[in-house]
Amino acid sequence: MFEKTILNMLPSVQQCIAYLEKTGWSKVEHRNDKYVWVFTSPAKYTDDLGKAIVTPFPKTTEVEDWPQCAMYLISLLGALEKLDDEEMVANIKYISKSDWTIDPEDIIIDRNN
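Residues numbered from 1 in each chain as written. Predicted model: local features only at pLDDT ≥ 70, side-chain atom pairs only at ≥ 80, totals over all residues. Heavy atoms only, no water.

**Things to note about the pattern of salt bridges**
Part 1: Here the structure, examined in full by the defined rule, presents 1 salt bridge.
Part 2: A salt bridge links Lys27 to Glu21; the shortest N-O distance between them is 3.4 Å.
Part 3: Exposure remark for Lys27: the relative accessible area of 41% places this residue in the partly exposed category. (Salt bridge = Lys/Arg side-chain N within 4 Å of Asp/Glu carboxyl O. Buried < 20%, exposed > 50% of the residue type's maximum accessible area, 1.4 Å probe, protein only.)

And the structure:
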């Protein structure tokens, strides 16, 4: 799963949120939205019942389980986008810095180089 190096490279809350928003995830209202945002996946990502995937995400790194929340998000997105953890972290950091929106299917990773 996660190596210690990934823990040291975790993206920020802002980078994670920017990535989710730029790749089609939608914020939904939640009863505990003082501390947590809740996102639903774009239509192309669904669970076993064909429903949108729903994931919470903390608003700050001050929460005790911030590393676990970030690692869960990275693993979830990586599984959906068929990327390993390091590639997913790199995508989050790269796309979050851009001023455009991108469909993750448009990202090409050449694993041969």
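Past the structure itself, the notes keep going.
**Quick look at the environment of Ser96**
Part 1: Residue placement: Ser96 occurs in helix H4 (residues 85–97).
Part 2: Of the residues examined, Ser96 reaches a relative accessible area of 14% and is grouped as buried.
Part 3: Between the C-alpha atom of Ser96 and that of Gln14, which follows or precedes it by 82 residues, the distance is 8.0 Å. (Helix = DSSP H or I, 4+ residues; strand = E, 2+ residues; numbered from the N terminus.)

**Regarding the packing of helix H3 (residues 66–81) against H4**
Part 1: H4 packs onto H3 with a crossing angle of 100° between their chain directions and a minimal axis gap of 9 Å. Classified by the interaxial angle, the pair formed by H3 and H4 is roughly perpendicular. Contacts between H3 and H4 involve Ile74, Ser75, Leu77, Gly78 and Glu81 from the former and Asp85, Met88, Val89, Asn91 and Ile92 from the latter.
Part 2: Of the residues in the contact of H3 with H4, the class split is 5 nonpolar, 3 polar and 2 charged. (Axes fitted to C-alpha atoms, helices over the stretch in contact; angles between N-to-C directions. Parallel < 35°, antiparallel > 145°, perpendicular 65-115°, else oblique. Contact = heavy atoms within 4.5 Å. Nonpolar A, V, L, I, M, F, W, Y, C, P; charged D, E, K, R; others polar.)

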